[in-house]
Amino acid sequence: MKVLLTGAAGFIGYHAAKILLAEGYEVIGVDNLNDYYDVGLKQARLAELEKFESFDFHFIDLADEKSLSIFHGQGITHILHLAAQAGVRYSLDNPRSYVRANVAGHLEVLEFARHCEGLQHLAYASSSSVYGEREGGPFAETDIVRSPASLYAATKIGGEMLAESYARLYGIPQTGLRFFTVYGPWGRPDMAYFIFTQKILAGEPIILFAPDEMSRDFTYVDDIVSVFPKILQTPPDNSSGGHAVYNLGNHNPNKLMELVRAVEAACGRKAELIIQAKQKGDVSKTYADITAAQRDFGFNPKTNISEGIPDFVAWYKTYTTI
Ligand SMILES: NC(=O)c1ccc[n+]([C@@H]2O[C@H](COP(=O)([O-])OP(=O)(O)OC[C@H]3O[C@@H](n4cnc5c(N)ncnc54)[C@H](O)[C@@H]3O)[C@@H](O)[C@H]2O)c1
């Protein structure tokens, strides 16, 4: 089993590589190490992965035409496509980077898959942001997703549509994974829990945008990646047209203030709060219906923020003293 893993230097990619290596996969990792956040953190993740003999890294920008063609004839059986320009707010400032990575880059992965002999399954990252601003919840895969609140969300809906068309046209078995606010050790410095930890430990105030309105289905990274091996081994059958989409969330949303309290408890310090209005592009709520992933992959998230945030803070303290 040989997996092409895109975004291998990224947060989820790093954890995905570790679990796939532990399951006996050979992992070909690719990433362009872009500077959306600290490149040193991406390099530190890679340094951990390069300790494994079955991990092979290639510095590649996926959005470059035919960038993946060097991997033809190398016996790739699976693809896990996680590379993307992530983050909602940055899409207001730098929209082109989203279309380049998430649309043009996704197309290159599909083109590679189309000509990849022996490929059994392509799984790719989508996002809870495809659900946009909506009432109620939990949000199910059968809900109609046509109202992206940000360009990031629009490119993720676009990615699902590209995948659907290639499944129909070329019979490539594909699974889209809608992740819900994934957090944990080696996490992303642009995300709220990371910024709160940094600031609280430094004795600096934190900014909360419309905290009374905001809740997120915070999902611990180990809960997600633990089902990746099962997902890769379970291509969708023809009844779903060879393309299926699943929510991977915690099914247990927390209010933003509950996140702040969890970070405060883990840091052993109170935060000084600055309250501001809701930001453009943000949605009020995410909440995953995970019935389908439970049924098909045995997905069973167990970690709540009261356990997961202390793990993150413990990692953060070790990492920042390296
Ligand atoms: N972390 C979350 O909460 C979350 C939630 C929903 C969806 N997702 C999706 O999951 C995937 C992984 O997210 P993450 O949190 O690990 O983000 P990340 O930014 O840590 O990882 C993405 C990686 O992709 C790489 N990359 C970007 N553009 C590239 C290109 N053109 N060529 C090669 N590499 C490129 C980046 O350098 C980065 O290392 C992304 O598709 C993201 O949109 C993440």
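This one's a predicted model, so the numbers in the text were calculated from it and none came from an experiment.

Before going further, it helps to examine the nonpolar core. Within soluble globular proteins, side chains that are nonpolar tend to cluster in buried spots. In terms of nonpolar packing, the biggest core is built from 90 residues, with Val3, Leu5, Ala16, Ala17, Leu80 and Val263 touching the most fellow members. Per-element accounting of this core gives the leading share, 7 residues, to helix H5 (residues 151-170). Once you skip the residues sitting within four places of it in the chain, Val263 turns out to touch Tyr193, Phe196, Thr197, Ile200 and Ile309.

A few words on the site of the ligand. Surveying the vicinity of the ligand reveals 29 residues, the closest of which are Gly7, Gly10, Ile12, Ala84 and Ala125. Elements that contribute at least two residues to the shell around the ligand include exactly helix H1 (11-22), helix H4 (95-114) and strand E5 (121-127). Grouping the constituent residues of the shell around the ligand by class yields 15 nonpolar, 10 polar and 4 charged.

On to the packing of H4 against H5, then. Running from N to C, H4 and H5 cross one another at 15°; their axes reach a closest spacing of 10 Å. Relative to H5, the element H4 is oriented roughly parallel. The crossing of H4 and H5 is right-handed. Residue-level inspection shows Pro95, Tyr98, Val99, Asn102, Val103, His106, Leu107, Leu110 and Arg114 of H4 in contact with H5, the latter providing Leu151, Tyr152, Thr155, Lys156, Gly158, Gly159, Leu162, Tyr166 and Tyr170. Partitioned by chemical class, the residues of the contact of H4 with H5 number 11 nonpolar, 5 polar and 2 charged.

So, on to the pairing of strand E6 (residues 174-179). Burial analysis of E6 places 6 of its 6 residues in the buried class, which makes it a mostly covered element. Residues Gln174, Gly176 and Arg178 line one face of E6 and the alternating positions Thr175, Leu177 and Phe179 line the opposite face, and both faces are buried. Bridging between E6 and strand E11 (residues 243-248) involves 6 bridges; their strand directions are parallel. Directly across from Phe179, in E11, lies its bridge partner Leu248.

The next thing to look at is the pairing of strand E4 (residues 78-81). What you see with E4 is no split at all: His78 and Leu80 on one side and Ile79 and His81 on the other are buried throughout. One ladder, built from 4 bridges, connects strand E1 (residues 2-6) with E4; its direction is parallel. Directly across from Leu5, in E4, lies its bridge partner Leu80.

Taking strand neighbours across the sheet as the criterion, the 7 strands line up as E3-E2-E1-E4-E5-E6-E11 in an open arrangement whose pairing is parallel. For this open sheet the edge positions go to strand E3 (55-59) and E11, each flanked by a neighbour on one side alone. Across the sheet, the mean angle from the axis of one strand to that of its neighbour is 20°, orientation sign disregarded.

The end-to-end C-alpha separation of H1 is 17 Å, in line with the 16 Å expected for 12 residues at 1.5 Å each. Within H1, burial applies to Phe11, Ile12, Gly13, Tyr14, His15, Ala16, Ala17 and Leu20.

Rules behind the numbers
- Every chain is numbered on its own, with residues counted from 1 as its sequence reads.
- Local features in a predicted model are, by the rule used here, given only for residues with pLDDT of at least 70; side-chain atom pairs are given and counted only at 80 or more, and totals for whole chains, interfaces and linings are based on all residues.
- One nonpolar core equals one set of buried Ala, Val, Leu, Ile, Met, Phe, Trp, Tyr and Cys residues connected by C-beta atoms within 7 Å.
- Any residue surrounded by 20 or more other C-beta atoms within 10 Å of its C-beta is treated as buried, while 12 or fewer makes it exposed and the intermediate range makes it partly exposed; C-beta atoms here are placed from the backbone.
- A run of DSSP states H or I qualifies as a helix once it reaches four residues; a run of E qualifies as a strand once it reaches two. Both are numbered from the N-terminal end.
- By definition, residue pairs are in contact when their C-beta atoms, positioned from the backbone, come within 7 Å.
- Placing a C-beta atom from the backbone of each residue, we mark the residue near a molecule or strand if the atom is within 6 Å of it.
- Amino acid classes used here: Ala, Val, Leu, Ile, Met, Phe, Trp, Tyr, Cys and Pro are nonpolar; Asp, Glu, Lys and Arg are charged; the rest, including Gly, are polar.
- Helix axes are fitted only over the stretch in contact, all axes being lines through C-alpha atoms; the angle between N-to-C directions runs from 0 to 180 degrees.
- Put simply, angles under 35 degrees are roughly parallel, angles over 145 are roughly antiparallel, angles from 65 to 115 are roughly perpendicular, and the rest are oblique.
- If you view the pair so one helix is near and one far, a crossing is left-handed when the near helix is turned anticlockwise from the far one by less than a right angle, and right-handed when it is turned clockwise.
- Strands are labelled as partners when DSSP assigns at least two bridges between them.
- In a helix, the anticipated span is given by 1.5 Å times the number of residues less one.

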